[in-house]
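# Coordinate inspection notes
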Amino acid sequence: MFRFWFPKLWHDYDDLARRLREHGNDDIGPPFPGFPMHGITINTGKRVATPMHVDFKNTMAGMCVISPFGRFDHTRHGMLVLQELKVIMQVAPGDVVFIPSALITHGNTELGEGETRRSWTMFNPGGLARFEDGGYMTMQDMRRQGGASAVKDFRAMYPLFLDHAMSAHMTLEQLKAHHTVPNHV
């Protein structure tokens, strides 16, 4: 589903995983073969309802996969709130939702008495792209090797990184064209 709706982003994530492996970082690979997201969180508390938050450490313009499970009335409780969009979504157990969790404040409404809600999420940590963009160095290593000016120069590139990240998102028209099979007469 992620590959269908976000083909360019999937490609970027898959390329990042491949380049990290090629650079000798096999231990940084995604947890599930064939799915290029590197981070996973399973919230196993019986009454998982997250407060409003932004996942600042996720990839800036990336997508986060969210899937709740448990026994709760999704039409009344445990709804997903997307604050800046002014949207409240009914997300049933087993549904899968994609949101840019580093850009949109999100959380869940409370659960009803006796209800159980858990959730499963996948995401790409922003530090992985920053690690690659920084020449496979951490910011600390960059500072040690090139001083404060190297870090400053790297941070000056952030607008270019954001432009690249945003270009991985397609309009509905671009997505339709991407999936269109040409007619051969």
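Read on for a plain summary of the structure. (Residues numbered from 1 in each chain as written. Predicted model: local features only at pLDDT ≥ 70, side-chain atom pairs only at ≥ 80, totals over all residues. Heavy atoms only, no water.)

### Comments concerning the overall build of the chain
The criterion, for reference: Counting from the N terminus, the helices are the DSSP runs of H or I reaching at least four residues and the strands are the DSSP runs of E reaching at least two. The rule is simple: take the accessible area with a 1.4 Å probe, protein chains only, and divide by the maximum for that residue type; under 20% is buried, over 50% is exposed, in between is partly exposed. In this analysis, two residues are considered to be in contact whenever any of their non-hydrogen atoms come within 4.5 Å of each other. The charge count includes Lys and Arg as positive and Asp and Glu as negative, but it does not include His or the ends of the chains. The atom standing in for a charge is NZ when the residue is Lys, CZ when it is Arg, CG when it is Asp and CD when it is Glu.
When helices and strands are tallied, the chain shows six helices and seven strands. Taken from the N to the C terminus, the helices and strands of the chain come in the order α-α-β-β-β-β-β-β-β-α-α-α-α. Along the three orthogonal principal directions, the C-alpha set of the chain runs to about 55 × 55 × 30 Å. Considering the chain as a whole, with its 185 residues, one finds that 38% of them fall into the buried category. Of all intrachain contacts in the chain linking residues separated by at least 6 positions in sequence, the fraction that spans at least 24 positions is 75%. One finds the centroid of the 19 positive side-chain charges in the chain at a distance of 4 Å from the centroid of its 19 negative side-chain charges.

### Observations concerning the packing of aromatic side chains
The condition is simple: Between the rings of Phe, Tyr and Trp (Trp by its six-membered ring), a pair exists once the centres lie within 6.5 Å; its type follows the angle of the planes, with under 30 degrees stacked, over 60 edge-to-face, and the other angles tilted.
Counted by the stated rule, this structure contains 12 aromatic pairs. Ring geometry for Phe6 against Phe98: centres 5.4 Å apart, planes inclined by 65°, an arrangement best described as edge-to-face. Of this pair, Phe6 sits in the loop between α1 (2–5) and α2 (7–22) while Phe98 is found in strand β5 (residues 97–99), placing the two residues 92 residues apart along the sequence. The class of Phe6 is buried, set by a relative accessible area of 17%. Summarising the aromatic geometry, the rings of Phe131 and Tyr136 are spaced 5.9 Å apart at their centres and angled 85° between planes, so their arrangement reads as edge-to-face. Residue Tyr136 is classed as partly exposed on the basis of its relative accessible area, which comes to 21%. Here the aromatic cluster, defined as three or more aromatic residues joined through ring pairs, consists of Phe2, Phe6, Trp10, Tyr13, Phe35 and Phe98.

### A word on empty space enclosed by the protein
The condition that has to hold: For cavity detection a 1 Å grid was placed over the protein atoms alone, and a set of points counts as a cavity when a 1.4 Å probe fits there but cannot get out; an open set counts as a pocket when protein lies on both sides within 12 Å along at least five of seven lines, with lining residues being those that have an atom within 4 Å of a point. Grid points are joined across faces, edges and corners, and a volume is the space filled by probe spheres set on the points. Under this grouping Gly is polar, as are all residues other than the nonpolar Ala, Val, Leu, Ile, Met, Phe, Trp, Tyr, Cys and Pro and the charged Asp, Glu, Lys and Arg.
A full pass over the atoms with the stated rule returns one cavity of 30 Å³ or more. Taken as a whole, the largest cavity spans an internal volume of roughly 30 Å³. Residue composition of the lining of the largest cavity, by class: five nonpolar, five polar and no charged.

### A look at the layout of surface pockets
In this structure, the largest pocket spans a volume of roughly 660 Å³. Surrounding the largest pocket, 27 residues form its lining, Thr59, Met60, Gly126, Ala129 and Asp133 being those nearest its centre. Residue assignment for the lining of the largest pocket shows that the elements contributing at least two residues are α2, α3 (126–133) and α5 (158–167). Approximately 230 Å³ is the volume found for the second largest pocket. Lining the second largest pocket are 15 residues, with Asn43, His53, Asp55, His106 and Thr121 positioned closest to its centre. Where the lining of the second largest pocket is concerned, the elements lending two or more residues are β1 (39–43), β2 (64–71), β6 (106–108) and β7 (116–123). Counting residues per element, the lining of the second largest pocket draws most heavily on β7, at four residues.

### Observations concerning the nonpolar core
Here is the rule we go by: We define the nonpolar core as a collection of buried residues of types Ala, Val, Leu, Ile, Met, Phe, Trp, Tyr and Cys that are connected through side-chain atoms lying within 4.5 Å of one another.
Within the largest apolar cluster, 11 residues are counted, these being Phe2, Phe6, Leu9, Trp10, Tyr13, Met37, Met63, Val65, Phe98, Met122 and Ala168. If one sorts the elements of this core by residue count, α2 sits on top with three residues. Not counting the four nearest positions on each side in its chain, Met37 is found in contact with Phe2, Tyr13, Pro30, Pro31, Met63, Val65, Met122, Phe123 and Asn124. Grouped together as the second largest cluster of nonpolar side chains are nine residues, Cys64, Ile66, Ile99 and Phe123 included.

### Some details on the sheet that holds strand β4 (residues 87–89)
Keep this limit in mind: One bridge is not enough; two strands pair if DSSP finds at least two bridges between them. Working convention: axes come from line fits to C-alpha atoms, limited for helices to the stretch in contact. Angles between N-to-C directions cover 0 to 180 degrees.
One open sheet holds the three strands; their spatial order is β4-β3-β6, and the pairing between them is antiparallel. The open sheet has two free edges, formed respectively by β4 and β6, since each of these has just one partner strand. Shown here is a sheet whose adjacent strand axes are inclined to one another by a mean of 20°, direction ignored. Both strand β3 (residues 80–82) and β6 contribute to a ladder of three bridges, which runs antiparallel. Considered in β6, the bridge of Val81 is made with Gly107.

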